Amino acid sequence: MAKKNYKGRIIGLLIVAFITTNSLLIFFDDKEKVDRKSYINEWSRTITYDLFEKLHTRGVFTSEESSPVYFNEETGSFGEFLVKEGDSVSEGDDLYTYEVENYYQQEANLQGEKSRLEEEVGAIEDYIDEVEDYTIPDPPQSENDSLFGSDDSEETPPPSYVETEFLKEEKIAEKEKELAKQEAMLEMVEDQLDQLQDNGDQITVTSSFSGTVTHISEELEAPLLTLESRNLVLEGELRESERKDIEEGMSAEISVPDLDLEATGTLESVDEFPEDMKVHRSSRYPYSISLDEVNEELLPGYHADVKLITDEALGVVTSLETALETDENLYAWVMNAEGLLERREIESGLEENGLVEIVSGLEEGEWLAIYPKDEFRDDATFFTPLKIDEMPVQDLFKMEQKSMITYGLLGIMSR
């Protein structure tokens, strides 16, 4: 008959009873009198970073400006084209010729056109002078400024002052562009008038526009020629759900996958009205982006991926999204100055690629517990694994022998 192992059974029952008792004590420890420790395996640290909120869309490169060229059959009979499709032309280059049928009528027409353009050029020049002479009132003196002047710190002017200055420069640039176009037209008309008065019958029409000839009408239908600018812009359409988040002046990141090319630009315009409105279809709003720099490899018709930066948070404290939790409010488990876990409520902002802006609650360089989450306890002591592979153990053996002996003796004496 086998002898029963009573001693082993008793020890086993005692172990089970010990574990059960401790588990019950912890479970019913409402006032947390039992000192519990947490084992934290994974940590993350807050850092200062730049975050951006981006809207992804698509676009296609096209010429910045198109200029149609017309021929009025009442002025005479068409002669010949002096360019062909694909040719590059500059201001003043010859485009086509025609024979004048009524010398005096054509001279009067050209004289009238010349006078009109001279008046427009003069009006634009006066407007530019008026805008340039306009003095924007200085921003009001702040409360911090003393009677003897402001302190050494530089303060940013009020938004209204900055916006007015920007609008002034923008309006001047716009009118100078218009002035250049009208002056080129005036030069073209003056050239035709000179030819008429010198030759009497044949006139060569020159270009008032620099670009590429993209279309020629051999049937002499309007427009006779079409010139397109060599400068490229990026155009596309925004969905109805995206339009409310977009404003002119936003920065854009541009990627051309086929060329492995990256570029930047600015949203120059976005329409307030869609091209086509249908009851049962989402509206589309055209937009245009100007490029900061145009790569020579780019051609009209190339497609690009576009990221419009709708919001940004620069130089802010950020955290990994996995280090944050939410119940009623967002919070994180933080290693505090006493080396204990602390449940701390925070306020967040922008999110990008797994990083979250911390508006309040955390500072740069604080350690956040990530895993395992069932070990997180407020005001608890914690353990974390020792990662030998991240310790410079080999450096210990590179120390001078004298230093090794000194530190060794200090360790023995401290015991």
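To be clear, the structure that these remarks concern was listed above.
Every value quoted in this text rests on a predicted model; they were computed, and no experiment measured them.

Read from one edge of the open sheet, three strands run E5-E7-E8, paired in antiparallel fashion. Two strands in the sheet have a free side with no partner beyond their single neighbour: strand E5 (76–81) and strand E8 (202–206). With direction set aside, neighbouring strand axes in the sheet form an average angle of 30°. Note: E5 against strand E7 (residues 94–100), four bridges, orientation antiparallel. By the bridge assignment for E7, Phe-78 is matched with Tyr-98.

Let's shift gears to the nonpolar core. Counting residues in hydrophobic clusters, the biggest one holds 24 residues, and the most contacted among them are Val-83, Tyr-96, Tyr-98, Val-213 and Leu-225. In terms of residues, this core owes the most to one element, helix H3 (residues 159–199), which gives five residues. The next biggest cluster of nonpolar side chains, apart from the first, holds 20 residues, and it includes Leu-232, Leu-234, Leu-238 and Ile-254.

Next up on the list: the pairing of strand E12 (residues 251–256). In the sheet, E12 pairs with strand E13 (residues 261–270) via six bridges, with the strands oriented antiparallel. Within E13, the residue paired with Ser-255 across the bridge is Glu-262. Sheet topology places E12 next to strand E15 (residues 303–320); four bridges connect them, and they run antiparallel. Across the sheet, Ser-255 pairs through a bridge with Asp-305, a residue of E15.

Rules of the game
Residues numbered from 1 in each chain as written. Predicted model: local features only at pLDDT ≥ 70, side-chain atom pairs only at ≥ 80, totals over all residues. Heavy atoms only, no water. Pairing = 2+ DSSP bridges. Helix = DSSP H or I, 4+ residues; strand = E, 2+ residues; numbered from the N terminus. Axes fitted to C-alpha atoms, helices over the stretch in contact; angles between N-to-C directions. Core = buried A, V, L, I, M, F, W, Y, C linked by side-chain atoms within 4.5 Å. Buried < 20%, exposed > 50% of the residue type's maximum accessible area, 1.4 Å probe, protein only.

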